[in-house]
Amino acid sequence: MGSVTADAILDRFRRVGAFLEGHFRLTSGLHSPGYMQSALVLQHPAEAQACGEAIADGVRGLGVQVVLSPALGGIVIGHEVGRALGHRAIFAERQDGRLALRRGFQLVEGEHVLVVEDVVTTGGSTRETIDVARAAGATVVGAASIIDRSGGQQGLDVPYFALVPISLPTYQPEACPLCAQGIPVIKPGSRT
Ligand SMILES: [Zn+2]
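Per chain, residues are indexed from 1 in the order of the written sequence. Thresholds applied to this predicted model are a pLDDT of at least 70 for local features of residues and 80 or more for the giving and counting of side-chain atom pairs; totals over whole chains, interfaces and linings are not thresholded and use all residues. Think of the side-chain values as coming from all heavy atoms in the structure, minus any hydrogens and water.

Counting from the N terminus, the helices are DSSP H or I runs at least four residues long and the strands are E runs at least two residues long. Counting its regular elements, the chain contains six helices and eight strands. Going from the N terminus to the C terminus, the chain shows its helices and strands as α-β-β-α-α-β-α-β-β-β-α-β-β-α. Only C-alpha atoms enter the radius of gyration, while the globule expectation follows 2.2 Å times N to the 0.38, with N the number of residues. Computed over C-alpha atoms, the radius of gyration of the chain comes to 16 Å, within 12% of the 16 Å expected from 2.2 N^0.38 for 192 residues, which places it in the range of a compact globule. Along the first, second and third principal axes, the C-alpha atoms of the chain reach 50 × 40 × 30 Å. Using a 1.4 Å probe on the protein chains alone, a residue whose accessible area is under 20% of its type maximum counts as buried, one over 50% counts as exposed, and one in between counts as partly exposed. Taking all 192 residues of the chain together, the buried fraction comes to 46%. Of the roughly 9,400 Å² of accessible surface on the chain, 50% is carried by carbon and sulfur atoms. Only four residue types enter the charge count, namely Lys and Arg as positive and Asp and Glu as negative; His and the chain termini do not. Every charge is mapped onto a representative atom, which is NZ of Lys, CZ of Arg, CG of Asp or CD of Glu. With 16 positive and 18 negative side-chain charges, the chain shows a separation of 5 Å between the mean positions of the two kinds. Under the convention used here, a 1.4 Å probe and the Shrake-Rupley method define accessible areas, while residue burial counts only the protein chains that appear.

A separate point is the pairing of strand S4 (residues 88-95). Relative to S4, strand S3 (residues 66-70) runs parallel, the two sharing five bridges. Paired with Leu-68 across the bridge in S4 is Ile-90. For a crossover, the right-handed case is the one in which the path from the first strand over the helix to the second runs clockwise, viewed with the strands pointing away from the viewer. Each parallel crossover has a hand, and the one from S3 via helix H4 (residues 75-85) to S4 is right-handed. As paired elements, S4 and strand S5 (residues 98-101) share four bridges and run antiparallel to each other. Of the residues in S5, the one forming a bridge with Ala-92 is Leu-101. A pair of strands is considered paired only if DSSP assigns at least 2 bridges between the two. Following S4, the chain reverses through two residues before pairing antiparallel with S5; Asp-96 in that reversal takes a positive phi of roughly 55°.

Here the zinc ion is held by His-23 (NE2), His-31 (ND1), Cys-176 (SG) and Cys-179 (SG), and the distances to it run 2.0 to 2.4 Å. Donor criterion used throughout: N, O or S atom within 2.8 Å of the metal, extended to 3.2 Å for Na, K and Ca. Water excluded; incomplete-looking sites may result. The rule is simple: four donors are tetrahedral if all their angles sit between 85 and 135 degrees, four are square planar and six octahedral if opposite donors span more than 155 degrees and the others lie between 65 and 115, and anything that fits none of that is irregular. Coordination geometry of the zinc ion: the four donor atoms subtend angles of 92 to 122° at the metal centre, consistent with an arrangement described as tetrahedral. Read N to C, the donor residues that coordinate the zinc ion are spaced as H-x7-H-x144-C-x2-C. Remark: Cys-176 occurs in the loop between strand S8 (160-165) and helix H6 (177-180) and His-31 occurs in strand S2 (residues 31-36); sequence separation between them is 145 residues. With relative accessibility at 6%, the residue His-31 sits in the buried group. A relative accessible area of 3% places Cys-176 in the buried class.

Time to look at unusual backbone geometry. In this structure, Leu-72 follows Ala-71 across a cis peptide bond, with omega equal to -10°. With respect to the secondary-structure elements, Leu-72 resides in the loop between S3 and H4. Here the phi dihedral of Asp-96 falls at roughly 55°; this positive angle occurs in a residue that is not glycine. Checked against the element boundaries, Asp-96 lands in the loop between S4 and S5. Look at Arg-103: it is not a glycine, yet its phi comes out positive at around 60°. Along the polypeptide, Arg-103 turns up in the loop between S5 and strand S6 (112-120). Taking relative accessible area as the criterion, Arg-103 reaches 62% and is therefore assigned exposed.

What follows deals with the pattern of salt bridges. What counts as a salt bridge is simple: a side-chain nitrogen of Lys or Arg found within 4 Å of a carboxyl oxygen of Asp or Glu. Using the criterion set out here, one finds eight salt bridges in the structure. Note that Arg-94 is salt-bridged to Glu-128, the shortest N-O span being 2.9 Å. You can see Arg-94 sitting in strand S4 and its partner Glu-128 sitting in helix H5 (residues 124-135), a full 34 residues away along the chain. Assessed through its relative accessible area of 42%, Arg-94 is described here as partly exposed. A salt bridge links Asp-157 to Arg-134; the nearest nitrogen and oxygen atoms lie 3.1 Å apart. With Asp-157 in the loop between strand S7 (139-148) and S8 and Arg-134 in helix H5, this pair connects stretches of sequence that are 23 residues apart. Here Asp-157 falls in the exposed class, since its relative accessible area comes to 56%.

Written as structure tokens, this is what we have:
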């Protein structure tokens, strides 16, 4: 599936209505005129599989032994990357506001972890997931996502691979021109 190009994936996002335009409050707290609702693409197993295989192709040289994703957004794509690489895929989830391994998930000392997300904006949740792996004694060999909307500013200290780099502005809420225009901000969630 190395034939899956960034343009093809972005086109797929547009066609299923997963590339939303308006005024959004992102998970990071930043505001943006664009939102990538990857769940609308990943709900189609064949699409999720294709994205997983394309990411796997991009990280094959890293010596990955296990995939770790932050819940909920990273679970489906993490699972598909794990399938494509032939390794298990586990996830971290929030407990009292902090990401943690639950459900009996464990990492072995020195195990080679790839952190996989659907969308990277500031890199904050990726960094937090990397911290979870390191705290468990594992070695993080890389990070990957379907969409990179960080504009190269994710600041990760491991090799990072994204299928689709896309430039979308983000604003601090107090400096958001859309807020200044009085446009209501939408927190994407169950309704979008
Ligand atoms: Zn705003």
